Amino acid sequence: MQVPVYNVQGEQVSEAELRDDIFAVPVSEALMHQALVRQLANARLGTHKTKTRGEVAGGGRKPWRQKGTGRARQGSIRSPQWRGGGTVFGPTPRSYKQKMPRKMRRQALRSALSVKVAESQVVLVDAFEMAEPKTTKILSILQNLGIESSALILLRRRSEVVLRSVHNLPKVRTLVAQYLNVRDLLKFDYILVPLDSLDVIEGILG
């Protein structure tokens, strides 16, 4: 599949060949959904905790005698029905981790990339480098490329200059191509891919 390659001025400079086994595979919505749910679940800390009646402070003595007071019998002021008492069946720390075979995860990435390419939302650029952090420069580049909504910029390696340039743009994010994931592919409208990052993607998913 031949797609145009642009420079940061928005001019087409060449064409690149996208591999059909990565960018034109049959789309599996179920696989993408499973990969997304897994990623969101694995991001949960699972540190939620409430105290049971055996963990709250106090309540060691029976508040009043069993009989003769006219009140209901009570064994502890830290029983669940008391204010300040323990919680019944409350949340406890647990792991939400889900497993998914590597082949399935990578096929989900191929499906997501294929969707983006089919909708013309993958923009290739010959190079993406900046001498100094400048938010207006990033905005100018995106405008030249016809990107007016959210965008994910894939970089071959982490760049503090580019990172600081997009820091104040809520709809633009940078990501090292090695860490490409289904959540970010589906979250952003456009994917900006320099040619050196394209080599990384093809090396992982090829």
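Nothing here was measured: the structure is a model prediction, and the numbers come from that model.

*Asks:* What is the right way to look at the overall build of the protein in this model?
*Replies:* Check the secondary structure of the protein and you find seven helices and six strands. The order of helices and strands in the protein, counted from the N terminus, is β-β-α-α-α-β-α-β-α-β-α-β-α. Radius of gyration (C-alpha) of the protein: 27 Å, far over the 17 Å computed for a compact globule of 206 residues. Taking the principal axes of the C-alpha coordinates as reference, the protein spans close to 95 × 40 × 25 Å. Between the averaged position of the 33 positive side-chain charges in the protein and that of its 18 negative side-chain charges there is a distance of 29 Å.

*Asks:* Can you walk me through the confidence of the model for the protein in this structure?
*Replies:* Segments scoring low in pLDDT should not have their predicted coordinates read at a detailed level. Per-residue pLDDT for the protein has a mean of 93; in total, 100% of the residues score no lower than 70. The secondary structure element of the protein with the lowest average pLDDT is strand β2 (residues 12–17), at 89, and the one with the highest is helix α2 (residues 29–42), at 96.

*Asks:* Is there a simple way to explain α2 in this structure?
*Replies:* One turn of the α-helix equals 3.6 residues, which is why residues spaced by three or four share an orientation. Taking 1.5 Å of rise per residue, the 14 residues of α2 would be expected to cover 20 Å, and the 20 Å separating its terminal C-alpha atoms lies within 8% of that figure. The set of residues buried in α2 consists of L31, M32, A35 and A41. Buried-residue contacts for α2 involve α3 (102–118) and α6 (182–187).

*Asks:* Even after reading the chapter, I still don't get unusual backbone geometry, so can you show me in this structure?
*Replies:* Working note: non-glycine residues mostly have negative phi, and peptide bonds are mostly trans. One non-glycine residue, F89, lies in the positive phi region at around 55°. Within the secondary structure, F89 sits in the loop between α2 and α3. Not every positive phi belongs to a glycine, and S120 is a case in point at roughly 60°. Inspection of the secondary structure puts S120 in the loop between α3 and β3 (122–125). Since its relative accessible area comes to 58%, S120 is described here as exposed.

What counts and how
- Residues numbered from 1 in each chain as written.
- Predicted model: local features only at pLDDT ≥ 70, side-chain atom pairs only at ≥ 80, totals over all residues.
- Heavy atoms only, no water.
- Helix = DSSP H or I, 4+ residues; strand = E, 2+ residues; numbered from the N terminus.
- Rg over C-alpha atoms; globule rule 2.2 N^0.38 Å.
- Lys, Arg positive; Asp, Glu negative; His and termini not counted.
- Charge placed at Lys NZ, Arg CZ, Asp CG, Glu CD.
- pLDDT = per-residue confidence, 0-100.
- Expected span 1.5 Å × (residues − 1).
- Buried < 20%, exposed > 50% of the residue type's maximum accessible area, 1.4 Å probe, protein only.
- Contact = heavy atoms within 4.5 Å.

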